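Chain and residue survey
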Amino acid sequence: MPPTNKQVTLAARPSGMPKEPDFKLVETPAPQPGPGEILVRVLYVSVDPYMRGRMNDVKSYAPPVQIGEVIGGGAVGKVIASQSPQFIAGDFVEGMFGWQQYAISNGKGVRKLDPSLAPVSTALGILGMPGLTAYFGLLDIGKPRAGETVVVSGAAGAVGSIAGQIAKIKGCRVVGIAGSDQKVAWLCDELGFDAAFNYKTTPDYAARLEELCPNGVDVYFDNVGGAITDAVFRHINVGARIVVCGQIAQYNAEKPETGPRLLGHLIVKQARAEGFLIFQFASRYAEGLKQMADWLKQGKLKYREQFVDGIENAPRAFIGMLQGENTGKQLVRVADQQS
Ligand SMILES: NC(=O)c1ccc[n+]([C@@H]2O[C@H](COP(=O)([O-])OP(=O)(O)OC[C@H]3O[C@@H](n4cnc5c(N)ncnc54)[C@H](OP(=O)(O)O)[C@@H]3O)[C@@H](O)[C@H]2O)c1
């Protein structure tokens, strides 16, 4: 049995961009499973943009993390002791185990993984919540048709990189927006995007979109909001679908931003903007995961994972992700898979 459990807790509510002192590393006695429970050694921890919202003391779809509480979040681990009939020691599992080395679970919401299908870390990326978000957001909300133009913001991240590839599978022209030249090259040279641009070095987003989307924009998969989204709205076509997936440009805002009022475009273009939460598709996760695994096996989808080592470095990985240091899915490697 492990002697102690290193955990990362919330030390202070961040103001603006989180800082490392907003988090605290604590060591507690390792937990023991009770009847019906499993003990999980955490292997990989996910850092996700939604966690930033949970660090604020405001009501949302998930309750806020309390000061002193372990940061919650998706993780992949290995069962090392089981008092549950559903699991045995050695099972690889994915669940909301949080930023810690060891977790106890009653098995609710825990998914058993097949390590022969793909590396188990993909259960936090392409074969997990981000992949499902791209799949259902693009296909069910965006409803792309072959020949249409799809623009993806946050295009080189976990969700965006997959949404763009699915749009290519569906026969669309795909244009990505991302924050570095290396990301732009990855999208175009490796993932098959038709075009992309670096918003950090592009002075006029609307002019660049006009060049790259000569037939206008039919589907906009929005991960970021803000000025990028303002520019895309100016190019939407009649009947466009705007998939409001995320608004990361605003997650660290200290006061609400005002910007161009965009709803008039929806009238003139008879367009639809629709927000969604991945949980609304929970009854169809199996369908999404099967299709994504098939595309992965057929070589139609590619993915990239980026690792930071050690649970104590989870805050750094999280802050780095918010600042765009990741290409593809950002993960924290907590322990060796063979351990
Ligand atoms: N609706 C849902 O159910 C759901 C589920 C999962 C995720 N999401 C949302 O989907 C979006 C992407 O999530 P993810 O997990 O795939 O994260 P991610 O894209 O892997 O990482 C976040 C990325 O956001 C970009 N970014 C940060 N600040 C920005 C800004 N001010 N303007 C433009 N881009 C900025 C950075 O890339 P650059 O280098 O390009 O700036 C960074 O790499 C987030 O908004 C998230 O909240 C929604």
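Residues numbered from 1 in each chain as written. Predicted model: local features only at pLDDT ≥ 70, side-chain atom pairs only at ≥ 80, totals over all residues. Heavy atoms only, no water.

Here the focus is the site of the ligand. Looking at the ligand, there are 26 residues lining it, with V159, K183, Y199, Y251 and N326 nearest. Take Y199: an N or O atom from its side chain is 2.5 Å from an oxygen atom of the ligand. Measuring from a nitrogen atom of the ligand, one finds a backbone N or O atom of C245 at 3.0 Å. Relative to its unbound accessible area of 910 Å², the ligand is 90% covered by the protein chains. Elements with a minimum of two residues in the shell around the ligand: α2 (129-142), α3 (158-169) and α9 (314-322). (Near = heavy atom within 4 Å. Polar contact = N/O pair within 3.5 Å; in protein donor to acceptor, adjacent residues only side chain to side chain. Areas by Shrake-Rupley, 256 points an atom, 1.4 Å probe, with all protein chains shown as cover. Helix = DSSP H or I, 4+ residues; strand = E, 2+ residues; numbered from the N terminus.)

What follows concerns the state of the cysteines. Applying the stated rule across the entire model yields 0 disulfides. A disulfide-free cysteine, C188 has its sulfur positioned 12 Å from the sulfur of C213, the nearest such atom. Of all cysteine sulfurs in the structure, the one in C172 sits closest to C245, which takes part in no disulfide; the separation is 17 Å. You can call C245 partly exposed: its relative accessible area is 22%. (Disulfide = S-S within 2.5 Å. Buried < 20%, exposed > 50% of the residue type's maximum accessible area, 1.4 Å probe, protein only.)

Below, the discussion takes up the pattern of salt bridges. Summed over all chains, the structure comprises 13 salt bridges. With its nearest N and O atoms 2.9 Å apart, the salt bridge here joins E287 to R284. Between K290 and D294 there is a salt bridge; the shortest N-O distance is 2.8 Å. With K290 and D294 both in helix α8 (residues 285-297), this residue pair falls 4 residues apart, about one helical turn. Through salt bridges with shared partners, a single ionic network connects D140, R284 and E287. (Salt bridge = Lys/Arg side-chain N within 4 Å of Asp/Glu carboxyl O.)

Even without being glycine, K143 reaches a positive phi, approximately 45°. Mapped onto the fold, K143 is located in the loop between α2 and β8 (149-153). Taking relative accessible area as the criterion, K143 reaches 45% and is therefore assigned partly exposed. The backbone of Q270 shows a phi angle near 45°, a positive value even though the residue is not glycine. When you line up the elements, Q270 lands in the loop between α7 (263-268) and β13 (272-275).

So, on to the packing of helix α5 (residues 205-212) against helix α6 (residues 226-233). Following both chains from N to C, one finds α5 and α6 inclined at 45°, their axes separated by 9 Å at the closest point. The orientation of α5 with respect to α6, classified from their angle, is oblique. Read as a crossing pair, α5 and α6 show a hand that is right-handed. Across the interface between the two elements, Y205, A206 and L209 of α5 pack against A227, I228, A231 and V232 of α6. Across the contact of α5 with α6, the residue classes break down as 7 nonpolar, no polar and no charged. (Axes fitted to C-alpha atoms, helices over the stretch in contact; angles between N-to-C directions. Parallel < 35°, antiparallel > 145°, perpendicular 65-115°, else oblique. Left-handed = near helix turned anticlockwise from the far one by under 90°. Contact = heavy atoms within 4.5 Å. Nonpolar A, V, L, I, M, F, W, Y, C, P; charged D, E, K, R; others polar.)

Right, let's talk about the sheet that holds strand β12 (residues 236-244) for a bit. The strand order across the open sheet built from 6 strands is β10-β9-β8-β11-β12-β13, with neighbouring strands paired in parallel fashion. Both edges of this open sheet fall to β10 (195-198) and β13, since each of them pairs with a single strand only. Sheet twist, expressed as the average angle between the axes of neighbouring strands with direction ignored, equals 15°. Where strand β9 (residues 173-178) lies against β10, 4 bridges are found, and the strand directions are parallel. Across the sheet, the residue bridging to I177 is F197, located in β10. Helix-sheet contacts for α2 involve β8, β11 (217-222), β12 and β13, and the interaxial angle to β11 is about 145°. Strands β9 and β10 of the sheet are contacted by helix α4 (residues 181-190), whose axis makes an angle of about 175° with β10. (Pairing = 2+ DSSP bridges.)

Turning to its location among the elements, N237 is positioned in strand β12. A polar contact of 2.8 Å, which involves the side chain of N237, links it to the backbone oxygen of N215. Polar contacts involving the side chain of N237 include one to the side chain of D218, which spans 2.9 Å. Beyond its immediate stretch of four places on either side in the chain, N237 contacts N215, G216, V217, D218 and K269.

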